[in-house]
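Per-entry structural report
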Amino acid sequence: MNTALERVEHEQKELAMSILRQVLVHQRAGRWTEAHNLVQSDNSELAAWLHGILHIQEGDLEDAEYWYGKADRHFRSRGSLDEELQRFEAALLLGEGPA
């Protein structure tokens, strides 16, 4: 990294990705409220997608569709909850998170 600004941007991206990984830990442990509260601290498209996934898990498809829209993802052509979580985790591993 060449500049201080690039270093700060990189650190911010890493922090955001860490938050999303923590959301997944809560989700897997059945702590939906904690996951939901934490995902709201990130306004990236990737966080919006995960927010939508959490609402699918909750059974609130209206809110899930809203968050999929914020994530620029097609809600009607989504996969199952497990498939969406797998796709999300793959995107997170590839670093397709907040810029």
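Every residue gets a number counted from 1 within its own chain, in the order that chain's sequence is written. Whole-chain, interface and lining totals are the exception, using all residues; otherwise, since this is a predicted model, local features are given only for residues with pLDDT of at least 70 and side-chain atom pairs are given and counted only at 80 or more. Based on all heavy atoms of the structure, the side-chain values leave hydrogens and waters out of the count.

1. What to know about the side chain of H36
For clarity, the cut-off: Helix and strand assignments come from DSSP, with helices taken as H or I runs of at least 4 residues and strands as E runs of at least 2, each series counted from the N terminus. Side-chain atoms alone can form a polar contact between residues adjacent in sequence; in general such a contact is a pair of N or O atoms within 3.5 Å, and within protein one must be able to donate a hydrogen while the other accepts it. Any two residues whose heavy atoms approach within 4.5 Å are treated as being in contact.
Mapping H36 onto the fold places it in helix 2 (residues 32-39). Here H51 takes part through its side chain, which lies 2.9 Å from a polar atom of the side chain of H36. Setting aside its immediate chain neighbours within four residues, H36 contacts H51, L54 and H55.

2. Here we look at the nonpolar core
Rule in force here: The nonpolar core is taken to be a set of buried Ala, Val, Leu, Ile, Met, Phe, Trp, Tyr and Cys residues, with the residues joined through side-chain atoms within 4.5 Å. Burial classes follow relative accessibility: with a 1.4 Å probe on protein chains only, a residue under 20% of its type's maximum area counts as buried, one over 50% as exposed, and anything between as partly exposed.
Within the largest apolar cluster, 23 residues are counted, with the highest numbers of intra-cluster contacts made by L20, L46, W49, L50 and F88. Among the secondary structure elements, those contributing two or more residues to this core are helix 1 (4-28), helix 2, helix 3 (45-58), helix 4 (61-70) and helix 5 (81-93). Element by element, the count of residues in this core is highest for helix 3, at eight residues.

3. Focus on the pattern of salt bridges
Quick reminder of the rule: Salt bridge, as used here, is a side-chain nitrogen of Lys or Arg placed within 4 Å of a carboxyl oxygen of Asp or Glu.
Under the defined criterion, the tally for this structure stands at three salt bridges. Note that R76 and E65 form a salt bridge whose closest N and O atoms lie 3.4 Å from each other. Within this pair, whereas R76 is found in the loop between helix 4 and helix 5, its partner E65 is found in helix 4, the two being separated by 11 residues in sequence. Ionic pairing is found between R87 and E84, a salt bridge with its closest N-O pair at 2.6 Å. Here E84 and R87 lie together in helix 5, a separation of three residues that amounts to about one turn.

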